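Residue strings, one per chain:
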Amino acid sequence: MTRVFKRLLTLAAGFACALTLAAAPAYAQTLQTVRDRGFLICGATNPLPGFAQQDTEGRWSGFDVDLCRAIAAAVFGDPNKIEFRPLRGESRFAPLQTGMVDVLTRNGPWTEQRDTLYGVSFVGTSFFDGQSFLVPQSIGVVSAFELDNISICVANAGEELERIGEFFFANQASYTEVPYEDVADLSVAYQAGLCQVVSASGRQLQAIRRALPDPSAHRILPERISKEVLGPVVRQGDQQWFNIVRWTLFTLVNAEELGVTALNIDSLLAARTPAVRRLLGVEGDFGTPLGLTPSFMADIIRSVGNYGELYDRHFGPLTGAALLRGQNGLWSNGGLLYAAPVR
């Protein structure tokens, strides 16, 4: 009986292994699927000014879109071989799991549950954020620690109200909450003078600010009273694709740190600095192990620039509503942005 039982266990294990191997290709061949299709499909949670917006001719632009274009440049050497899809509401993981999109360039903030329960993996941080405050320049406040005896519009959902209460209690300051059901209500109430301040995530405040008649008359205070990290998300089970998306993001950060831009990249091909030569594929072959060309990092930078160029393009002074780098500055400049080196 013992021998029979052991044999049954062996057969069951073999059957389970066969099922696993049979299912693996659906998740382990993203690169080949993308190449066979001829373009990359990217998704992001909801259109959001600065991150993803569509013009009157249907063309997408924004920080999320440029991240997508960077991945396409890595895979094809052509940043325009993309299809961008906004995923509204809660429909974000299922399209990724089923192959309707190849990568999410922005999702909800990275949490343990989102990283482990839904068959997806966050590859890294492309944007550091958190709950903050939008104020009119006229009140003369430049720090959240100066806020006192003010009314605050805030969405009555999640932990936003609780965080505000904890922040003002800790600073022994007073405030009046003006709650609304939806974030979209905050801008309307703020412009109508129903509150003096708006509190939401920095990215939501930036979208509200950009839509105001005079964005320069309003300021997003630098402090964050919560911790939120956002970044590209891929399906679990395809390590090659995970690494491609991760090293696309790392390329953007490393390029800024090394001073390599879309404008000077060609002149730097003759540089003698080892780190620059490795980044540009002049020295060593870091693309072939990923299934890419040795010049994939140079293709990324030449197509979209470095991280700083992306940030300035979508959140810099020329947008009319500049957003300070803050946490999204390089680690060497006091920010949190960091990437593993190419070596």
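All residue numbers here refer to positions counted from 1 along the written sequence of the relevant chain. The predicted origin of the model limits local features to residues at a pLDDT of at least 70 and limits the giving and counting of side-chain atom pairs to 80 or more, whereas totals for whole chains, interfaces and linings rest on all residues. Side-chain metrics rest on all non-hydrogen atoms present in the structure, leaving aside hydrogens and water.

## A look at the sheet that holds strand β9 (residues 150-155)
Thought 1: Two strands pair under a simple rule: DSSP has to find at least two bridges between them. The numbering of helices and of strands both runs from the N terminus, where a helix is a DSSP run of H or I of at least 4 residues and a strand a run of E of at least 2. Read from one edge of the open sheet, five strands run β10-β9-β11-β8-β12, paired in mixed fashion. The open sheet is flanked by β10 (175-180) and β12 (218-220), the only strands paired with a single partner. Here the strands of the sheet are splayed against their neighbours by 25° on average, with no regard to which way each runs.
Thought 2: Two strands pair when backbone bridges link them, and strand β8 (residues 131-136) and strand β11 (residues 197-201) are joined in this way by four bridges, in the antiparallel orientation. Considered in β11, the bridge of Leu134 is made with Val198.
Thought 3: Across the sheet, helix α7 (residues 160-170) is in contact with β8, β9, β10 and β11; its angle to β9 comes to roughly 150°. Every axis in this analysis is a line fitted to C-alpha atoms, fitted for helices over the stretch in contact. Angles between the N-to-C directions lie between 0 and 180 degrees. Contacts between residues were defined by any pair of non-hydrogen atoms, one from each residue, lying within 4.5 Å.

## Things to note about the confidence of the model for the protein chain
Regions with low pLDDT carry predicted coordinates that are not meant to be interpreted in detail.
Thought 1: Per-residue confidence for the protein chain gives a mean pLDDT of 90, with 91% of residues at or over 70.
Thought 2: Here pLDDT means the predictor's own confidence in every residue, given as a number from 0 to 100. With pLDDT under 50 throughout, residues 1-6 is counted as low confidence; its partners more than four residues away or in other chains account for zero contacts.
Thought 3: Here residues 8-27 is a poorly scored stretch, pLDDT under 50, and it has five contacts once near neighbours within four places are set aside; other chains count.

## Quick notes on unusual backbone geometry
Thought 1: Unlike most non-glycine residues, Asn46 shows phi in positive territory, near 60°.
Thought 2: Within the element layout of this structure, Asn46 appears in the loop between β1 (40-45) and β2 (53-54).
Thought 3: Relative accessibility decides the category of a residue: with a 1.4 Å probe and only protein chains considered, values under 20% of the type maximum give buried, values over 50% give exposed, and everything between is partly exposed. Residue classification places Asn46 among the partly exposed positions, given a relative accessible area of 30%.
Thought 4: If you check the backbone angles, Gln172 has positive phi at about 50° while not being a glycine.
Thought 5: A relative accessible area of 66% places Gln172 in the exposed class.

## Considering the state of the cysteines
Working definition: the covalent bond between the sulfur atoms of two cysteines is a disulfide.
Thought 1: By disulfide we mean two sulfur atoms from cysteines, separated by a distance within 2.5 Å. Inspection of the entire model under this criterion finds two disulfides.
Thought 2: In this model, Cys153 is linked to Cys195 through a disulfide, with the two sulfur atoms separated by 2.0 Å. Where Cys153 bonds to Cys195 through sulfur, the torsion about that S-S bond is close to -110°, and the disulfide is left-handed. Taken as a pair, Cys153 in strand β9 and Cys195 in the loop between α8 (184-191) and β11 lie far apart in primary sequence, 42 residues in all. Across the pair, Cys195 and Cys153 agree in class, each one buried.
Thought 3: Across the protein chain, the disulfide pattern expressed with sequentially numbered bonded cysteines is 1-2, 3-4.

## Some details on the environment of Pro47
Thought 1: Position of Pro47 relative to the elements: it lies in the loop between β1 and β2.
Thought 2: The class of Pro47 is partly exposed, set by a relative accessible area of 29%.
Thought 3: For the pair Pro47 and Lys227, spaced 180 residues apart in the sequence, the C-alpha separation amounts to 22 Å.
Thought 4: Excluding residues within four positions of it along the chain, Pro47 makes contact with Ala52, Trp60, Pro86, Arg88 and Arg106.

## Side note on the packing of aromatic side chains
Thought 1: Working definition: rings of Phe, Tyr and Trp (its six-membered ring) pair if their centres are within 6.5 Å, and the pair is stacked with planes under 30 degrees apart, edge-to-face with planes over 60 apart, and tilted otherwise. Summed over all chains, the structure comprises 20 aromatic pairs.
Thought 2: Consider the rings of Phe63 and Phe127, whose centres lie 6.2 Å apart with planes at 70°: the pair is edge-to-face. Placement of the pair is Phe63 in helix α4 (residues 63-76) and Phe127 in strand β7 (residues 127-129), with a sequence separation of 64 residues.
Thought 3: Using a relative accessible area of 1% as the deciding quantity, one classes Phe63 as buried.
Thought 4: On the basis of relative accessible area, Phe127 is assigned to the buried category, the value being 3%.
Thought 5: In this structure an aromatic cluster arises from ring pairing among Phe51, Phe63, Phe127, Tyr307, Tyr311 and Phe315.
Thought 6: Two conditions define a charge sitting above a ring: the NZ of Lys or the CZ of Arg must be within 6 Å of the ring centre, and it must be within 35 degrees of the ring normal. Lying over the aromatic face of Tyr311, Arg325 brings its terminal NZ or CZ to 5.2 Å of the ring centre.

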